[in-house]
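Coordinate analysis (summary)
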Amino acid sequence: MKYKFCALLLAVVLAFSAAGCSKGGDVLNDGYYTAQMSEYSHGWIEFVTICVSNGELVSIEYNAKGPSGYLKSWDIPYMRTMGSLNGTYPNEYTRSYGAQFLEAGGDVSQVQAIAGASSSYKNFVRLADAAMGQARAGDPSVAIVAAGQS
């Protein structure tokens, strides 16, 4: 009887300890999850894709693609123009936002905006939040984020 009680007590303690390991009860389901803007802006449609493995956020891609599928961060003429006008460019700020997001464990409130890429920052925050929502729900469909909403 004493051993059964100890085993039950140990099981309860372990269950509560494991429950405390997830942030705010948020459980991320393994898989790839994508969110994209509802429409093109200046010839590009932005998206975020995250990968969750063993319940942990392990990678993120933030980018934009043109109608042909060409990625904005690979557009060298665009990079040169934006870099000289804004002091940053897509291959720089997309990587920075993604790295900050990963470092913060998926907490989008910890991502700091980069001067010259504030519109992209706002979209990144909304897209990353939507992709995390898909991961929590275990919904692999692409989440569509309405353009122009804050």
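As the structure is a computational prediction, the values presented were derived from the model and not from experiment.

Basis of the calculations
Residues numbered from 1 in each chain as written. Predicted model: local features only at pLDDT ≥ 70, side-chain atom pairs only at ≥ 80, totals over all residues. Heavy atoms only, no water. Helix = DSSP H or I, 4+ residues; strand = E, 2+ residues; numbered from the N terminus. Contact = heavy atoms within 4.5 Å. Pairing = 2+ DSSP bridges. Axes fitted to C-alpha atoms, helices over the stretch in contact; angles between N-to-C directions. Core = buried A, V, L, I, M, F, W, Y, C linked by side-chain atoms within 4.5 Å. Buried < 20%, exposed > 50% of the residue type's maximum accessible area, 1.4 Å probe, protein only. Expected span 1.5 Å × (residues − 1).

Section: the environment of Gly 55
Residue placement: Gly 55 occurs in the loop between β2 (45-53) and β3 (56-65). For the pair formed by Gly 55 and Asp 26, sequence separation is 29 residues and the distance between their alpha carbons is 9.7 Å. Once you skip the residues sitting within four places of it in the chain, Gly 55 turns out to touch Leu 28 and Asp 30.

Quick word on the sheet that holds β2
Taken in spatial order, the four strands of this open sheet run β3-β2-β1-β4, and their pairing is mixed. The strands lining the two open edges of the sheet, one partner per strand, are β3 and β4 (143-145). Within the sheet, the average angular offset between the axes of one strand and its neighbour, ignoring direction, is 20°. Here nine bridges tie β2 to β3, and the two strands are oriented antiparallel to one another. From the neighbouring strand, Ile 45 faces β3, where its bridge partner is Lys 65. Strands β2 and β3 of the sheet are contacted by helix α3 (residues 90-103), whose axis makes an angle of about 160° with β3. Against the sheet, helix α4 (residues 118-137) engages β1 (31-37), β2, β3 and β4, with an angle of about 40° to β2.

What to know about the environment of Tyr 89
Relative to the helices and strands, Tyr 89 is located in the loop between α2 (76-86) and α3. Spatially, the C-alpha atom of Tyr 89 lies 8.0 Å from that of Tyr 78, the residues being eleven residues apart in sequence. Apart from residues no more than four positions distant in its own chain, Tyr 89 is found in contact with Met 79, Met 82 and Gly 83.

Quick notes on the nonpolar core
Among the nonpolar cores identified, the biggest contains 26 residues, and Val 48, Ile 50, Tyr 62, Tyr 97, Phe 101, Phe 124 and Leu 127 are the most heavily contacted of them. Every element with two or more residues in this core is listed here: β1, β2, β3, α3, α4 and β4. Looking at which element gives the most residues to this core, the answer is α4, with six residues. Setting aside residues no more than four positions away along its own chain, Phe 124 makes contact with Val 48, Ile 60, Tyr 62, Tyr 97, Gly 98, Phe 101, Val 108 and Val 111.

What to know about α4
With 20 residues, α4 should reach 28 Å at 1.5 Å per residue; the first-to-last C-alpha distance of 29 Å fits that figure. Within the span of α4, buried status applies to Ser 120, Asn 123, Phe 124, Arg 126, Leu 127, Ala 128, Ala 131, Met 132, Gln 134 and Ala 135. Residues of α4 that are buried make contact with β1, β2, β3, α3 and β4. Just downstream of α4, Gly 138 is the residue with a positive phi angle, here 70°.

Everything listed is a geometric property; what it means functionally is a separate question.
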